[in-house]
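The lines below spell out each chain.
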Amino acid sequence: VSKILSCFGLTDGLSFTSSSTTERTPASDQVAPWMDAFASFRDEIRNIARGGGDASQILSVCDRLRDETLVDMGIRLEDKADGSVWKRDDPATLRLEVEEKRRSAREAER
């Protein structure tokens, strides 16, 4: 787990002493929100796939992850032509940007 999280820059100062313990540690408390978000995202995607959902449903879940879940965690996820880029940022700033993006989209629909 620590190797995967280090790819995202999330292991600064974390120490995992045993993978077989269920005891709560400061490290597991810090990782828990990330793993909860990942597990929830995975469950939603699996449910769509099992229910015969289409690509638009999957993309909607991906957008919600980007615009809500990760924003609340202070992560900016930018869609690029060749993939995505993430950066840490202030959650309040990100929320304002998401709201402005939604407002612009509503105005464009008119």
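Let me sum up the structure you'll find in this document. This structure is a prediction, so every number in the text was calculated from the model and none was measured. (Residues numbered from 1 in each chain as written. Predicted model: local features only at pLDDT ≥ 70, side-chain atom pairs only at ≥ 80, totals over all residues. Heavy atoms only, no water.)

**Remarks on the packing of helix α3 (residues 55-72) against helix α4 (residues 91-109)**
Moving on, step 1. Viewed as axis vectors pointing N to C, α3 and α4 meet at an angle of 165°, and their least axial separation amounts to 9 Å. Between α3 and α4, the interaxial angle falls into the category roughly antiparallel. With respect to the hand of their crossing, α3 and α4 are arranged in left-handed fashion. When α3 is examined against α4, the residues R66, D67, E68, V71 and D72 are found in contact with a partner set consisting of P91, L94, R95, V98, K101 and R102.
Moving on, step 2. Class assignment for the residues of the contact of α3 with α4 results in four nonpolar, no polar and seven charged. (Axes fitted to C-alpha atoms, helices over the stretch in contact; angles between N-to-C directions. Helix = DSSP H or I, 4+ residues; strand = E, 2+ residues; numbered from the N terminus. Parallel < 35°, antiparallel > 145°, perpendicular 65-115°, else oblique. Left-handed = near helix turned anticlockwise from the far one by under 90°. Contact = heavy atoms within 4.5 Å. Nonpolar A, V, L, I, M, F, W, Y, C, P; charged D, E, K, R; others polar.)

**A word on the pattern of salt bridges**
Moving on, step 1. Applying the stated rule across the entire model yields 13 salt bridges.
Moving on, step 2. Taking the shortest distance from any N to any O, the salt bridge between E97 and R76 comes out at 2.6 Å. Residue E97 is found in helix α4, and its partner R76 is found in strand β1 (residues 75-80); the two are separated by 21 residues along the sequence.
Moving on, step 3. Classification of E97 by relative accessible area gives partly exposed; the value is 36%.
Moving on, step 4. As a salt-bridge pair, E100 and R103 come within 3.2 Å of each other at their nearest N and O atoms. (Salt bridge = Lys/Arg side-chain N within 4 Å of Asp/Glu carboxyl O. Buried < 20%, exposed > 50% of the residue type's maximum accessible area, 1.4 Å probe, protein only.)

**Notes on α3**
Moving on, step 1. With 18 residues, α3 ought to run about 26 Å at 1.5 Å a step, and its terminal C-alpha atoms sit 25 Å apart, in line with that.
Moving on, step 2. For α3, the principal kink sits at L65 and spans about 35°.
Moving on, step 3. Three or more residues of α3 are buried, namely V61, L65, R66, D67, L70 and V71.
Moving on, step 4. Just beyond α3, the residue with positive phi is G74, at close to 80°. (Expected span 1.5 Å × (residues − 1). Bend = angle between axes of the 7 residues up to and from the residue.)

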